[in-house]
Each structure stands twice: as structure tokens, then as C-alpha cells.
Amino acid sequence: MSQPLRILFVLALLLAPTLASAQPRDLSVAKVDGRVIILVAYDDGVVSFQGNGESYHSYDFKPVQGARSSTLVDINLDGLPDFAAMGKASFILGADANPRMVLSDGCSDAFVYNFVGEKDLEFFCRSGGSLAMFAYDGTMLWELGISGMKLNSCRLVDMTGDNTPDIECEMSSKQFLQLGSDGSVISESNPTASDGTVFESISKPGTPLLATSPQAFDFDADGQAKETLSVHDKGADIVGPGGTLASIDFVPISAAIFDVDQDQKDELLLLGDDRLLAISSRGVAFDVSWSRSKLKREAAAELMTVGGRGLEADDQALRSALEAHLPSLAKCYAGKVKKNPFLGVGRMSLKAKLDKAGAVSDVELSFSTLNDADIDACVLKGVKKLSLVPGKSEDAQAIFDIEFGYRDR
């Protein structure tokens, strides 16, 4: 493999209980499918928010003791930050805050790295005597089981002199199993650390806005990046050429510039101790605080697309009528949400025939990604009971997509 060295995360200690993180560590923000999502990373979890400041998804895990057990990094190389967690459980969230890969039993050692040298990074996991490599979407690329000898720990080490890491796992004090990134066994021998390069964890660089020489940004939306963020022991100041423009009453941990409210003008996004502030010269877009232990999960349904044919009302009136019934339809998803903390989201596309009074006379399922016939049947039954907008003719119908998921509020 001749790709540039890009080790992003190394974990090499056994799983152990730990207390919840006192404060968040970092944030990322991205626009995915028209929705702004903010990921707030902890050493033992992640909380996500939408662009209006509403909490979205929250996930916890038991981290590896004594090591940095989570990171924000672009794993599928689409230019958007993902979240990787290593512990019990181990998982990857996409930039949309939805699970891509979940290992419920977790990993004792884990690495995120460009092992294969193609477009995506991969996820290596050791769990007991099992070694496996996974793609971003959870596809298992290879698996190797070790029997008859205990594996103590694994690390990345250059055994071939090509400045790229292979995998070395300690089986005993004198015996090491050495693997190529494709899972092939190179040797069982003494450790190579003495004469090979051992790759250590590389942490994400600090936020440029909070650096000793902070990056300038355009706070007052005049098209010129001339404002900076000055941090002191009691908070921070937004400073322009003429002096202080705004003062912040907490010390920021991380910061970003992004158009969170999608008004074509950027806001300054500041992360504090369980606090998130989005501010610009136009005012505060949102200022939210939270307690992870108090976030409660509930099923949710969101109308993604809607259109009508042969109706007395326009699409906006149809959307409003449908949205009024989403809470009742979300109940179909509630049971599954309670059973699986890493459920993710699914979508249904439906066609409903409407009579002249607006009642649904029939409903057809075009497709579903929920992979659950009981939920599909529950939603269809619920839609058949709805009254929406009046139809003008016998072929009047509403066509709409609903995304089922959950919110941690």
C-alpha cells in the first residue's frame, strides 16, 4: 500500500467501566440531505443537534480506559465528518447522526485507518480472540478467529518497511501474531517494535478559531474575514478591527463557522460545557444547554416529500394535514425504538386515494426501507383512518414519503 500515512485512531487497552465525561470534547457540523446536523463528541458518547438547536440523537458507550475512545473524522471520504466510537459498544455514525456500523459487544482494540488504500477508511476490531475488518457500512471484509491462545492486545506496526502499518497482536509475553491489512498471517514471532515503526494515535488538530493565532472569520456578514475569537479565563470576545463586537459568557471548547439556519449567512458556532451557541452580528440563532442523563428517546415521524393530484387544496395544505397526524403514525415505530438503541431511520413511500370529503379510501405502499412487515402494516392501517383534504375526482390521491426515526429530547 503506497497511500500517504493517515492513522486516525488507535485504541490498545482493555475495556473498563468509566464515569461519564465531565464535558464534551469537540464538535463538527455538516449539511446532509438538506438538514444541518451538529455532532458533539464526548469520550463516552455523542449528542447531535439540528440546525435550529433542537437535540436530535444521543448515543452512549463504555469507553476504553486510558485511551481516547472516540473521534470525529471523515471515514467514507465524502468530505463530511463521521463519528467513530470504540468501546462497548463500538459504532460509526454518519454525518447525519445515523448509525452506519454497530458492534454491540464492542472492541478491546480498534483502529480506523486507510488499510485497503482505496476510497474509504476501514474499521479494525479485536474482540477477545476474534479479529475482524469492517467497511464504513458495516460489511465485514475479513475475520480471523484465534483459538488455543489468549490475545492480550493489538497495535499497528510497520513490519515490511513500507511506512504503512500492519497489525501485530500479542499472544503471550514472547509470542506475537503479525497480520497484513488483508487479514493474512505474516508471521508468529517476537515483537517488531524494536526495529519497526509503531504507529501512535494522532489526535485531531485543535479548532483554528481557538488557536494561539486564531483564524479570522466574517462575523458581520460584510464579505470580509476580519473578526477573530479571543478566549480568556471567563469566556470569550468576538473582536473586529474597531474593538469587541460581542462577548461570550462561557469558555468555548470548540468552534466552527457554518450557516446553521440556512439563511445564506454564516453563524459562529461555539461549544461549551454541555452548551451550544450559534451567534452572528444579526443576533443569536440558538443557545441551548442539556444534560445527557436527562435526554429521553421517543419515536418520531417526519414528512419528507408530499404531492397531490386532483385535490381541492394545494400541496402545502396537504402537507399541513399530514403533519398533524405524524405523532400518531410514529407510535408504530415506538416498540422497535425501545428495543434497539442503534436502530437508525427508515422511510416509507405511500399513495393514498382520497374521496370528496377528504377521507382516505385506500392506501398503497410503494416501497419501505423499514425491513419490518409489522410496522409497515401498522402505518398502512393508520393512514387508512386519516382525513386529509377533499378530492375533486375519483382519481384524487396524495403521494408522500415519511421518514421514521427517533429524537432524544
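These figures come from a predicted structure and were not determined experimentally. (Residues numbered from 1 in each chain as written. Predicted model: local features only at pLDDT ≥ 70, side-chain atom pairs only at ≥ 80, totals over all residues. Heavy atoms only, no water.)

Chemist: Tell me what's going on with helix α1 (residues 315-323), and back it up with residues and numbers.
Modeler: Of the positions making up α1, those classed as buried are Leu318, Ala321 and Leu322. Angular distribution of buried residues about the axis of α1 spans 95°; they occupy a single face of the element. Elements that come into contact with the buried residues of α1 comprise β27 (297-309), α2 (326-339) and β30 (397-408). (Buried < 20%, exposed > 50% of the residue type's maximum accessible area, 1.4 Å probe, protein only. Helix = DSSP H or I, 4+ residues; strand = E, 2+ residues; numbered from the N terminus. Arc of directions from axis to C-beta. Contact = heavy atoms within 4.5 Å.)

Chemist: Lay out the packing of α2 against helix α3 (residues 373-384) in plain terms, naming residues and giving numbers.
Modeler: For any two helices packed against each other, one specifies the crossing angle of their axes together with the interaxial distance. Relative to each other, α2 and α3 sit at 160°, their axes nearing to 8 Å. In terms of orientation, α2 and α3 fall into the roughly antiparallel class. When you trace α2 past α3, the crossing you get is right-handed. Taken together, the residues of α3 that come into contact with α2 (itself represented by Leu329, Cys332, Tyr333 and Lys336) are Ile375, Cys378, Val379, Gly382 and Val383. The residue makeup of the contact of α2 with α3, split by class, is 7 nonpolar, 1 polar and 1 charged. (Axes fitted to C-alpha atoms, helices over the stretch in contact; angles between N-to-C directions. Parallel < 35°, antiparallel > 145°, perpendicular 65-115°, else oblique. Left-handed = near helix turned anticlockwise from the far one by under 90°. Nonpolar A, V, L, I, M, F, W, Y, C, P; charged D, E, K, R; others polar.)

Chemist: I'd like a description of the pairing of strand β29 (residues 360-368), backed by residues and values.
Modeler: Two elements, strand β28 (residues 346-354) and β29, share 7 bridges in a ladder whose sense is antiparallel. Residue serine 349 lies in a different strand from β29, and its bridge partner there is phenylalanine 367. Linking two consecutive strands that pair antiparallel, namely β28 and β29, is a turn of 5 residues; a positive phi of about 95° is found at glycine 358 within it. (Pairing = 2+ DSSP bridges.)

Chemist: Break down the sheet that holds strand β25 (residues 275-280) for me, citing the residues and quoting the values.
Modeler: Ordered by their spatial adjacency, 4 strands build an open sheet running β23-β24-β25-β26, and the pairing between neighbours is antiparallel. Every other strand in the sheet has two partners, leaving β23 (254-258) and β26 (283-289) as the edge strands with one partner each. Going from strand to strand, the sheet's axes swing by 15° on average, the running direction of each strand aside. As paired elements, β25 and β26 share 6 bridges and run antiparallel to each other. Bridging from a neighbouring strand, serine 280 pairs with glycine 283 of β26.

Chemist: So, the state of the cysteines: which residues are in play, and what are the values?
Modeler: Inspection of every chain in the model, using the stated rule, returns 3 disulfides. One disulfide in the model links cysteine 332 with cysteine 378; its S-S distance is 2.1 Å. Its S-S torsion of about -75° marks the bond between cysteine 332 and cysteine 378 as left-handed, since a negative value means left-handed. With cysteine 332 in helix α2 and cysteine 378 in helix α3, this pair connects stretches of sequence that are 46 residues apart. The exposure class assigned to cysteine 378 is partly exposed, which follows from its relative accessible area of 33%. (Disulfide = S-S within 2.5 Å.)

Chemist: Can you tell me about the nonpolar core, naming the residues and giving the values?
Modeler: Within the largest apolar cluster, 49 residues are counted, with the highest numbers of intra-cluster contacts made by Phe83, Phe91, Leu350, Val383, Phe400, Ile402 and Phe404. Among the elements that take part in this core, α2 stands out by supplying 6 residues, more than any other. With residues near it in sequence (within four places) discarded, phenylalanine 404 still touches Ala300, Ala301, Leu329, Ala330, Tyr333, Gly344, Val345, Gly346, Met348, Leu370 and Val379. Listed in part, the 18 residues of the second largest apolar core include Val29, Tyr42, Ala256 and Leu295. (Core = buried A, V, L, I, M, F, W, Y, C linked by side-chain atoms within 4.5 Å.)

Chemist: Could you give an account of the side chain of aspartate 274, with specific residues and numbers?
Modeler: As for its placement among the helices and strands, aspartate 274 is situated in the loop between β24 (267-272) and β25. Here aspartate 274 is buried and forms no salt bridge, its nearest opposite-charge partner arginine 292 lying at an N-O distance of 6.4 Å. Within polar-contact distance, the side chain of aspartate 274 engages the side chain of tyrosine 42 at 2.4 Å. For aspartate 274, the residues in contact, after removing those within four places along its chain, are Pro24, Tyr42, Val288, Ser289 and Trp290. (Lys, Arg positive; Asp, Glu negative; His and termini not counted. Salt bridge = Lys/Arg side-chain N within 4 Å of Asp/Glu carboxyl O. Polar contact = N/O pair within 3.5 Å; in protein donor to acceptor, adjacent residues only side chain to side chain.)

Chemist: Provide a residue-level description of the packing of aromatic side chains, including the pertinent values.
Modeler: The full count for this structure, using the stated rule, is 11 aromatic pairs. Here the aromatic rings of tyrosine 59 and phenylalanine 91 are separated by 5.9 Å at their centres, their planes lie at 50°, and the arrangement is tilted. Here phenylalanine 91 lies in strand β10 (residues 90-93) and tyrosine 59 lies in strand β5 (residues 55-60), a separation of 32 residues in the sequence. The exposure class of phenylalanine 91 is buried, given its relative accessible area of 0%. Ring geometry for tyrosine 59 against phenylalanine 342: centres 5.4 Å apart, planes inclined by 10°, an arrangement best described as stacked. With tyrosine 59 in strand β5 and phenylalanine 342 in the loop between α2 and β28, this residue pair connects regions lying 283 residues apart in the sequence. As far as the burial class goes, tyrosine 59 and phenylalanine 342 line up, both buried. Here a set of aromatic residues connected by ring pairs shows up, and it is made of Tyr59, Phe61, Phe83, Phe91 and Phe342. One residue, arginine 292, lies across the ring of tyrosine 42, its end atom 4.1 Å from the ring centre. Taking NZ or CZ as reference, arginine 297 lies 5.4 Å from the ring centre of tyrosine 59, over its face. (Phe/Tyr/Trp six-rings, centres within 6.5 Å; stacked < 30°, edge-to-face > 60°. Lys NZ or Arg CZ within 6 Å of the ring centre and 35° of its normal.)

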